[in-house]
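# Structural features, examined
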Protein chains: 2
Amino acid sequence: MNHSSIIFSGPNALKCELVPYLIELGIDRVFMILDKILLEIHADTLYPLMDLLPKEHILLIEAGEEYKHLDQCQKVWRFFTESKVNRNDVVVNVGGGVLTDLGGFCASIYKRGISTINVPTTLMGMVDAAIGGKTAVDYLGVKNLLGAFHLPIAVCGDSSFLSTLTQKELLSGFGEIVKHSLLVGGDMWQRVIQFDPLYSDSEEWQYFVDLSMKYKEAVVKEDLYDNGLRKCLNLGHTIGHALESYFINSKSSFGTDRDLVSHGEAVIAGLIAELYMSNQLLGFPSDILHQLIYLAKENYAPLLFTCKEYDPLLKLMKQDKKNISKAVSYVGMRSLGEPVLLEVDDEELKNGLDFYREMLC
Amino acid sequence: MNHSSIIFSGPNALKCELVPYLIELGIDRVFMILDKILLEIHADTLYPLMDLLPKEHILLIEAGEEYKHLDQCQKVWRFFTESKVNRNDVVVNVGGGVLTDLGGFCASIYKRGISTINVPTTLMGMVDAAIGGKTAVDYLGVKNLLGAFHLPIAVCGDSSFLSTLTQKELLSGFGEIVKHSLLVGGDMWQRVIQFDPLYSDSEEWQYFVDLSMKYKEAVVKEDLYDNGLRKCLNLGHTIGHALESYFINSKSSFGTDRDLVSHGEAVIAGLIAELYMSNQLLGFPSDILHQLIYLAKENYAPLLFTCKEYDPLLKLMKQDKKNISKAVSYVGMRSLGEPVLLEVDDEELKNGLDFYREMLC
């Protein structure tokens, strides 16, 4: 079985590569789900695609994190049904990670699966969410609890979209780039710790976007169903996902803004806590851990939480879908580029959380 | 990739084959979804399984056709979440086609897929629904619009369940057996047209159950994702599904009971209409068509509808998920055991519906 997606990338990839590809497929087969906010801020970039499709083939939806749920899916399924979308058609998902996750999930179970193409418009989407076919929505406060493996036939990473992203969006995507850099190691790590995500233009980002897309695509090609190699992409996510899910669903004892935590911010926190555990358990080098802490302090506000909040966090970690026993499994690292799968107990996880709070808060 | 399920079959298969298999898997990993009505009518057969599992591993749900929807799925997902079901666990679905379709669907997208075992308790489940990994729920009045391919690791067809089925349930399952007999041909067809579904005991049914399970399993092993050979199993279903969906969602101009149409009854009607089309288009033998009509008249009440209802029926056929263009695709037959995939237009479908009404009504 072919477990790979066509990758279109670079500036103007949408106009110069994706559009001709869709014309070749046959436009009457193509439907589009678009984050409605993009109409205002990326009309120029989107024009070649919008202009190609009949209006009734396009569904505009809200696609903030708070919309990543079954009710929003039902809007999409209603659109598919009313538009008589069939199994031979193709759905192009245009938006950030929420949109490509949700659009992909909706497509994956509509008529037991129709083809998708992802056009990520955020950095996070380009380097992570839109690649690899993991689709999902949140459920009962647990991130991505309902989902499917549904590989897109193509992913179009057009760096034109980067120019209008907010600092917050760039920093969120950068969290995944930092994770990839730890897994790839070598030159990528050296460049990441010298990189300034807030004062770089699209061209400077291109190196990290291309390398991240290619790295993730290569991992997924080996292990789509997440039974082996792919698990390494979960680095920083055992604790990161729990923090993200917890913060979004709880009131902060520190007052404000908890619900604004981004995925990448949570991953950076997760990386620090988890790599401290790797330092203790596997001898992961302290100097790299401190380079990571320096990078976090330079770019990210700390996530504030107390030790009284460890129990609900641990509860969330135990619900993580990658977790298959009472101990929590997580990706440890022996050194840069050397991930290893481990099980850890509550005490070790609490030590990781303690370390994060000591260093950052 | 392994596209096959272990098949346990015969009298006492649940007690003698499935239970030892589950003990080998490890009982703490096993959860069960059970149609609550079975507790009353099959307590004895179910006892070896019920007794094995902790009470909190068992979810009782309603599983009539009217419950095959997303709300019912949400009960299941809530149970999985609250019971901390994880990706290494196994869910045993015990019930008719609605329960195995719905339980399988819920499992397929929970944490992107956990393993299932099906224990069909209806004839329809044993010969069709529980085998082959097509899972689904209905949506917006369209049958099985949302679903996934999710092959069970095992299917247990215990014929002890057959003894308490109603005539209506036996006749529904028999509809699929008739379809399989047309596809297999030869001795199976000869035996089916001589068989009396209302005056036969479990042992006499065993021949058809075993042959149907094995036939379907063999087809699915070749073509899980329904890209080729498996499409032949759709024989009678293009029109049959539309009739079933339409009847369940409409008031009869003839007064009563439309909502009681069973899947198998609808398939028998679909087989007659579609094989008439095959007779006209492909020269399918008239004598076999008339054997089928005789079998239908002997065993099934006709489905009553008028030509004014053709348009909504055609609309439903065009929404069928197997349909990939504006023409409607259906499984034609040249002769017994010789299916062929065709596209037909509205006129040909109306001719099939006319023929059914002339012959049966």
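What you see is a predicted model, and the numbers here were worked out from it, not measured in a lab.

### Observations concerning the overall build of chain A
Of regular secondary structure, chain A possesses 14 helices and 10 strands. Computed over the C-alpha atoms, the radius of gyration of chain A is 20 Å, within 12% of the 21 Å expected from 2.2 N^0.38 for a compact globule of 361 residues. The principal-axis extent of the C-alpha atoms belonging to chain A is close to 55 × 45 × 40 Å. In chain A, which comprises 361 residues, the share counted as buried stands at 61%. For chain A, contacts bridging at least 24 residues in sequence account for 77% of all contacts bridging at least 6. On chain A, roughly 13900 Å² of surface is accessible, and the fraction owed to carbon and sulfur atoms is 50%. Looking at charge distribution, chain A has the averaged site of its 33 positive side-chain charges lying 7 Å from that of its 48 negative ones.

### Observations regarding the pattern of salt bridges
Residues and elements named next belong to chain A. For the structure on display, the rule yields 26 salt bridges over all chains. Of the charged contacts in the structure, one is a salt bridge between Lys216 and Asp128, with a shortest N-O distance of 2.7 Å. Here Lys216 is found in helix H9 (residues 202-222), whereas its partner Asp128 is found in helix H6 (residues 123-129), with 88 residues between them in sequence. The two residues Lys216 and Asp128 agree in class, both being buried. Each member of the salt-bridge network shares a partner with another, and the members are Glu65, Asp138, Lys143 and Glu244.

### Considering the relation of the copies chain A and chain B
You can overlay chain A on chain B at an RMSD of 0.0 Å; the transform is a turn of 180° with a shift of 0.0 Å along its axis. Here the copies are linked by what is in effect a two-fold axis. Residue by residue, 100% of the interface of chain A is reproduced at the interface of chain B, so both copies engage with the same surface.

### A look at the environment of Arg29(B)
All names here are of chain B. Summarising the element assignment, Arg29 is placed in the loop between helix H1 (13-25) and strand S2 (30-35). In sequence terms Arg29 and Cys307 are 278 residues apart; their C-alpha atoms lie 54 Å from each other. Residues contacting Arg29, with those up to four places away along its chain left out, are Asn88, Asp89 and Val90. At 2.7 Å, the side chain of Arg29 and the backbone oxygen of Asn88 are in polar contact.

### Examining the sheet that holds S2(B)
Residue and element names in this part refer to chain B. Reading across the sheet, the six strands line up as S1-S8-S5-S4-S2-S3 and stay open at both edges, with parallel pairing between neighbours. Where the open sheet ends on each side, the last strands, each with one partner, are strand S1 (6-10) and strand S3 (58-61). Taking the axes of each pair of neighbouring strands and ignoring which way they run, one obtains an average angle of 15° across the sheet. Two elements, strand S4 (residues 90-95) and strand S5 (residues 115-120), share six bridges in a ladder whose sense is parallel. Of the residues in S5, the one forming a bridge with Gly95 is Pro120. Each of S2, S3, S4 and strand S8 (154-158) is contacted by helix H3 (residues 43-50), which is oriented at about 160° to S2, the strand it contacts most.

### Some thoughts on the domain arrangement of chain A
Residue and element names in this part refer to chain A. Looking at the assigned domains, one finds that chain A contains domain 1 (6-165) and domain 2 (171-199 + 224-360). On a C-alpha basis, the centroid separation for the pair domain 1 and domain 2 is 28 Å. Each side of the interface is counted separately: domain 1 has 14 residues, and domain 2 has 20 residues. Taking both partners together, domain 1 and domain 2 bury about 1500 Å²; carbon and sulfur atoms supply 63% of that area. Broken down residue by residue, the surface that domain 1 buries against domain 2 is led by Met124, Lys143 and Phe149, which jointly contribute 36%. Counting across the interface, domain 1 meets domain 2 through two salt bridges. Between Glu244 and Lys143 there is a salt bridge whose closest N-O contact spans 3.7 Å. Where domain 1 touches domain 2, the interface holds three residue pairs in polar contact (both at pLDDT 80 or more). Listing elements by their share of the side of domain 1 that touches domain 2, those giving two or more residues are H6 and strand S7 (142-149).

### So, the side chain of Asp101(A)
All names here are of chain A. Within the element layout of this structure, Asp101 appears in helix H5 (residues 97-109). Accessibility expressed as a relative area gives 9% for Asp101, which makes it buried. Polar side-chain contacts of Asp101 include one of 2.7 Å to the side chain of Lys68. When neighbours within four sequence positions are excluded, Asp101 is seen to be in contact with Lys68, Ala129, Lys134, Thr135, Ala136 and Asn144.

### Describing the sheet that holds strand S1 (residues 6-10) of chain A
All names here are of chain A. If you trace the six strands from one edge of the open sheet to the other, you get S1-S8-S5-S4-S2-S3, paired in parallel fashion. The outermost strands of the open sheet, each flanked by one partner alone, are S1 and strand S3 (58-61). Within the sheet, the average angular offset between the axes of one strand and its neighbour, ignoring direction, is 15°.

### Details of the packing of aromatic side chains
The final tally for this structure, using the stated rule, is 34 aromatic pairs over all chains. Aromatic pair Tyr139(A) and Trp77(B): ring centres 5.8 Å apart, planes at 75°, arrangement edge-to-face. You can see Tyr139(A) sitting in strand S6 (residues 134-139) and its partner Trp77(B) sitting in helix H4 (residues 70-82), one on each of two chains. According to the relative accessible area criterion, Tyr139(A) is buried, its value standing at 8%.

### Concerning a negative patch on the surface
Side chains of Asp196(A), Asp201(A), Glu203(A), Glu204(A) and Glu298(A) sit close together on the surface and give a patch of like negative charge. Along the chain, Glu204(A) falls in helix H9.

### Quick look at unusual backbone geometry
One non-glycine residue, Leu140(A), lies in the positive phi region at around 50°. Here Leu140(A) is to be found in the loop between S6 and S7.

### A closer look at the packing of helix H4 (residues 70-82) of chain A against H5(A)
Residues and elements named next belong to chain A. One way to put it is that H4 packs onto H5 with a least axis distance of 10 Å and a crossing angle of 55°. Classed by the angle they form, the pair H4 and H5 counts as oblique. Seen along the crossing, H4 lies across H5 with a hand that is right-handed. For the pair H4 and H5, contact is made by Leu70, Gln72, Cys73, Val76, Trp77 and Phe80 and by Leu102, Phe105, Cys106, Ala107 and Ile109, respectively. Looking at the contact of H4 with H5, its residues break down into 10 nonpolar, one polar and no charged.

### Concerning the interface of chain A and chain B
Facing the 35 residues of chain A at the interface are 35 residues of chain B. Taking both sides of the interface into account, the surface hidden between chain A and chain B amounts to around 3600 Å²; carbon and sulfur atoms contribute 60%. Counting the contacts that link chain A with chain B gives two salt bridges. Taking the shortest distance from any N to any O, the salt bridge between Asp226(A) and Arg87(B) comes out at 3.6 Å. On inspection of chain A and its partner chain B, the count reaches eight residue pairs in polar contact (both at pLDDT 80 or more). Listed by contribution, the elements that provide at least two residues to the side of chain A that touches chain B are H4, H5, S6 and S7 of chain A.

Conventions we followed
Residues numbered from 1 in each chain as written. Chains lettered and ligands numbered in written order. Predicted model: local features only at pLDDT ≥ 70, side-chain atom pairs only at ≥ 80, totals over all residues. Heavy atoms only, no water. Helix = DSSP H or I, 4+ residues; strand = E, 2+ residues; numbered from the N terminus. Rg over C-alpha atoms; globule rule 2.2 N^0.38 Å. Buried < 20%, exposed > 50% of the residue type's maximum accessible area, 1.4 Å probe, protein only. Contact = heavy atoms within 4.5 Å. Areas by Shrake-Rupley, 256 points an atom, 1.4 Å probe, with all protein chains shown as cover. Lys, Arg positive; Asp, Glu negative; His and termini not counted. Charge placed at Lys NZ, Arg CZ, Asp CG, Glu CD. Salt bridge = Lys/Arg side-chain N within 4 Å of Asp/Glu carboxyl O. Least-squares fit on C-alpha atoms with pLDDT ≥ 70 in both. Polar contact = N/O pair within 3.5 Å; in protein donor to acceptor, adjacent residues only side chain to side chain. Pairing = 2+ DSSP bridges. Axes fitted to C-alpha atoms, helices over the stretch in contact; angles between N-to-C directions. Domains from an automatic or database assignment. Buried area = accessible area lost by both parts, 1.4 Å probe. Phe/Tyr/Trp six-rings, centres within 6.5 Å; stacked < 30°, edge-to-face > 60°. Patch = residues over 30% accessible without salt bridge, like charges linked within 9 Å, V, L, I, M, F, W, Y side chains within 5 Å. Parallel < 35°, antiparallel > 145°, perpendicular 65-115°, else oblique. Left-handed = near helix turned anticlockwise from the far one by under 90°. Nonpolar A, V, L, I, M, F, W, Y, C, P; charged D, E, K, R; others polar.

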